[in-house]
Amino acid sequence: MHKPAITGTGVFTPSEIITNAELVVAFNAYVDLYNAENAAAIDAGDLPAKAHSSEEFIFKASGIEQRYVIDKTGILDPKVMHPLLRQRSDDEPSLMAEMALDAAQKALAQAGKTAADVDAVICAASNLERAYPAVAIEIQDLLQINGFAFDMNVACSSATFGIQAAADMIRSGSIRSALVVNPEICSAHLEWRDRDCHFIFGDVATATLIERAEDATGAYFEIKSTRCATDFSNNIRNNNGFLRRSRPDGVADRRDMQFMQNGRKVFKEVLPLVAEHIAGHMADNGVQADDLKRLWLHQANKSMNDFIGRKVLGRPPEDGEQPNILQDYANTSSAGSIIAFSKYSNDMKDGDTGLICSFGAGYSVGSVIVERHG
């Protein structure tokens with residue numbers, strides 16, 4: 001049995017930023033247009049009026065201050081309210097592959113490795129740009145990696161599930177290394193016209209290189225243990241899919257064709273699920289709360305992370321113990337915990353233990369216990 005290790009990570013960050021202030025101006029302009037166009041129905045009581053959003057509401061609800069996106073022009077246009085992306089030909093790299101390529105090259109550079117050192121690519125994300133061919137195989141081709149590649153989707157837990165799949169293959173000896181890439185264009189499946197969620201998501205891509213520990217050329221994080229779990233729920237859902245045109249109202253612009261969630265139920269049900277999952281994983285591996293130097297959690301909501309941190313550590317996390325990046329990136333689905341890990345792990349010392357955890361639709365939760373070496 002070989003020991004798997006994280007030897008490099010990379011983050012691709014889009015160049016465009018939308019602040020809460022910009023978002024509120026656009027959303028409120030959309031609300032005013034909507035209410036004016038539907039004034040008669042609203043006055044008759046047949047249709048509820050839409051309410052304005054505010055910077056205070058967004059920050060209190062989420063802890064988010066801004067988000068990076070691939071395109072802001074369409075999102076901030078009250079008559080559009082979604083990204084406007086260029087149609088690419090089949091001879092060009094897809095947008096997801098292009099984003100993942102940047103993150104993957106950074107992960108390889110950090111590890112001191114090249115594409116020749118990689119045996120597999122796993123593209124793990126909450127949405128994939130197309131059904132086939134697999135985006136992972138396109139990324140493999142762009143990097144000129146020999147071996148194999150495949151896509152996987154476990155929504156916001158995709159990164160940790162991908163890490164477990166890669167780690168298991170390395171332990172068994174079937175591969176020496178793998179790149180787990182998480183290109184997330186969340187702005188395209190967010191309903192920017194919904195006050196309850198219009199501020200949640202941003203775009204990003206992350207990559208994690210996992211190798212046999214014996215092949216590491218510098219400091220690395222040994223993957224001591226992984227654990228994944230799922231429990232079906234409709235409380236986070238997107239009904240878009242390839243069967244859409246086959247149903248009578250499938251091509252209609254229905255609300256359920258974008259991100260939907262029952263926020264109160266998610267908060268109530270997911271938090272204990274995640275806290276119990278982490279506690280059980282730690283206990284089964286002899287890791288005490290005092291042993292844990294860092295928690296890199298899924299970046300969905302600051303209140304959720306603060307709650308989980310308190311439950312896991314048995315006290316409020318101290319500065320740096322549970323780093324948040326969602327104030328800058330917003331929720332980036334599967335990539336969030338990897339951004340936090342990538343940005344806040346280099347200061348850990350030899351022998352320090354940390355835990356990466358992601359959770360979300362499914363419900364799904366995945367955790368990775370790591371130990372710093374070097």
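Refer to the structure above for everything that follows.
Scope of this entry: the structure provided in the associated data block. (Residues numbered from 1 in each chain as written. Predicted model: local features only at pLDDT ≥ 70, side-chain atom pairs only at ≥ 80, totals over all residues. Heavy atoms only, no water.)

Turning our attention to the pattern of salt bridges. Within the structure shown, the criterion is met by 17 salt bridges. Between R171 and D168 there is a salt bridge; the shortest N-O distance is 3.0 Å. You can see R171 and its partner D168 sitting in helix 6 (residues 158–172), three residues apart, about one turn around the helix. Residue R171 is classed as buried on the basis of its relative accessible area, which comes to 17%. A residue is classified by how much of its surface remains accessible, and D168, at 37% relative accessible area, is partly exposed. Across the salt bridge formed by K302 and D306, the nearest N and O atoms sit 2.8 Å from each other. (Salt bridge = Lys/Arg side-chain N within 4 Å of Asp/Glu carboxyl O. Helix = DSSP H or I, 4+ residues; strand = E, 2+ residues; numbered from the N terminus. Buried < 20%, exposed > 50% of the residue type's maximum accessible area, 1.4 Å probe, protein only.)

Locating D46 in the fold gives a position in the loop between helix 2 (39–43) and helix 3 (55–62). C-alpha of D46 to C-alpha of G314: the two residues are 268 residues apart in sequence and 50 Å apart in space.

Right, let's get into the environment of A167. Here A167 shows up in helix 6. Residue classification places A167 among the buried positions, given a relative accessible area of 0%. Along the sequence, A167 and G351 sit 184 residues apart, while their C-alpha atoms lie 20 Å from each other. Look past the residues within four positions of A167 in its chain and what remains in contact with it is P4 and I223. (Contact = heavy atoms within 4.5 Å.)

What follows deals with the sheet that holds strand 13 (residues 364–373). Whenever strands of a sheet pair, they do so through backbone hydrogen bonds, lying parallel or antiparallel. Read from one edge of the open sheet, nine strands run 5-4-6-7-1-8-13-12-11, paired in mixed fashion. The open sheet terminates on both sides in strands that have one partner only, identified here as strand 5 (148–152) and strand 11 (292–297). In this sheet, neighbouring strand axes are inclined to one another by 25° on average, regardless of whether the strands run parallel or antiparallel. This element, helix 6, spans strand 1 (4–12), strand 4 (120–124), strand 5, strand 6 (177–185), strand 7 (203–212), strand 8 (220–230), strand 12 (353–360) and strand 13 of the sheet and lies at about 120° to strand 8. Along the sheet, helix 10 (residues 336–343) contacts strand 1, strand 6, strand 7, strand 8, strand 11 and strand 12; its crossing angle with strand 1, the most-contacted strand, is approximately 100°. (Pairing = 2+ DSSP bridges. Axes fitted to C-alpha atoms, helices over the stretch in contact; angles between N-to-C directions.)

This part takes up helix 10. Taken across its eight residues, helix 10 has seven buried, putting it largely inside the fold. All buried positions along helix 10 are accounted for by G336, S337, I338, I339, A340, F341 and S342.

Counting buried residues along strand 6, nine of its nine residues qualify, which places the element largely inside the surrounding structure. Residues S177, L179, V181, P183 and I185 line one face of strand 6 and the alternating positions A178, V180, N182 and E184 line the opposite face, and both faces are buried. Pairing analysis gives four bridges linking strand 4 to strand 6, with the strands arranged parallel. Opposite C123, over in strand 6, you have V181 as the bridge partner. Where strand 6 lies against strand 7, nine bridges are found, and the strand directions are antiparallel. Residue pairing in the sheet places V181 in a bridge with A207 of strand 7.

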